[in-house]
Every structure is written in C-alpha cells, then in structure tokens.
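# Examination of the molecular architecture
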Amino acid sequence: QQQFVNVYCRGALVAALLDIRLLKLSDGKQGLREVILKLLAKYGKGKPFSEDRFFDELVEMTYPEIRTFIDDHILDNQALPIKEYFGWLGIDYRAGGDGQPPQFFVKLQPREAQLKLRKIWLKNL
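A short tour of the structure in this document, coming up. (Residues numbered from 1 in each chain as written. Predicted model: local features only at pLDDT ≥ 70, side-chain atom pairs only at ≥ 80, totals over all residues. Heavy atoms only, no water.)

### Observations concerning the overall build of the protein
Of regular secondary structure, the protein possesses 6 helices and 2 strands. In the protein, the succession of α and β elements from N to C terminus is α-α-α-α-α-β-β-α. Its C-alpha atoms put the protein at 45 × 40 × 25 Å along the principal axes. Evaluated residue by residue, the protein yields a buried proportion of 34% over its 125 residues. In the protein, the share of contacts with a sequence separation of at least 24, taken over all contacts with a separation of at least 6, comes to 51%. A total of about 8,700 Å² of accessible surface is found on the protein, and carbon and sulfur atoms cover 56% of it. Across the protein, the mean location of the 19 positive side-chain charges is 8 Å away from that of the 16 negative side-chain charges. (Helix = DSSP H or I, 4+ residues; strand = E, 2+ residues; numbered from the N terminus. Buried < 20%, exposed > 50% of the residue type's maximum accessible area, 1.4 Å probe, protein only. Contact = heavy atoms within 4.5 Å. Areas by Shrake-Rupley, 256 points an atom, 1.4 Å probe, with all protein chains shown as cover. Lys, Arg positive; Asp, Glu negative; His and termini not counted. Charge placed at Lys NZ, Arg CZ, Asp CG, Glu CD.)

The structure is reproduced here in structure tokens:
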C-alpha cells in the first residue's frame, strides 16, 4: 500500500512511453490503443491470454525493439527514458531536484518530425 502511488504513476508513464515508441516505430500508424484493440479482437471477453507469454505476444504484434523496452524498463526496472522519448515529441523534460517537481516544456518551434509525432500522439490521447 505504501508504494501504490509510485506503482500507479510509473505504470501510467510506462504506458505513455510505450505509446510514443510504438507511434514512432510505426510512423504514426499504431500506438498502444491500436495494440490493445488487436488484443481485444483476438481474445475478447471470456478468452484470457497467457500471462507467461503476454510480453512475447506483444512483441510479435508490434516490433522487435519493443522487447528491449520491456526487458529494460518493465522487467528490469531501469530508469525510464523520459527525456529521450518526450524529446521525439519536441517536449523537453527536466527532472526535479532540490524539492522541485519534474517539469515538461513544449518547444514552440519543434522540428517537423517532432511536431508530426506530437500531433499524432496528442490525437491518440
């Protein structure tokens, strides 16, 4: 119970980063929502998926690069690549320190690729 907020917030952030990574790899065609819809179509109500094979299936449905994300940031609990992934959207991330919270700053003049991915990501939210 003491770690509920940490687990809850990290889960939401992992989902956001996974969504950004999927959209980047698919050139905006497939994000986390589309993957979830595919899983729903395949399994649906009353047909559970194998928990032991879930991550393998997720990689099979998406891209090999997703395996690295899962291994590093979900299974191994390495630091999340927040700055890198939000950088792809033209959003600067600054970790908090000295009692200050982390902050995000939207670049007013992002590169074309950053703006394109940002628009797609925001549309999917």
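### Overview of the pattern of salt bridges
In this structure the tally under the stated criterion is 9 salt bridges. Residues Lys116 and Asp27 are paired through a salt bridge, measuring 3.1 Å at the closest nitrogen-oxygen approach. Placement of the pair is Lys116 in helix α6 (residues 112–124) and Asp27 in the loop between α1 (4–25) and α2 (32–43), with a sequence separation of 89 residues. Overall, the relative accessible area of 45% leaves Asp27 in the partly exposed class. Residues Asp71 and Arg67 are paired through a salt bridge, measuring 3.4 Å at the closest nitrogen-oxygen approach. Of this pair, Asp71 and Arg67 both sit in helix α4 (residues 65–75), 4 residues apart, which is roughly one turn of the helix. On the basis of relative accessibility, which here comes to 31%, the residue Asp71 falls in the partly exposed class. (Salt bridge = Lys/Arg side-chain N within 4 Å of Asp/Glu carboxyl O.)

### A short note on the pairing of strand β1 (residues 91–94)
Side-chain alternation along β1 places Ile91 and Tyr93 on a buried face and Asp92 and Arg94 on a face that remains uncovered. Here β1 pairs with strand β2 (residues 103–106) via 4 bridges, running antiparallel. Looking across to β2, one finds that Arg94 is bridged to Gln103. (Pairing = 2+ DSSP bridges.)

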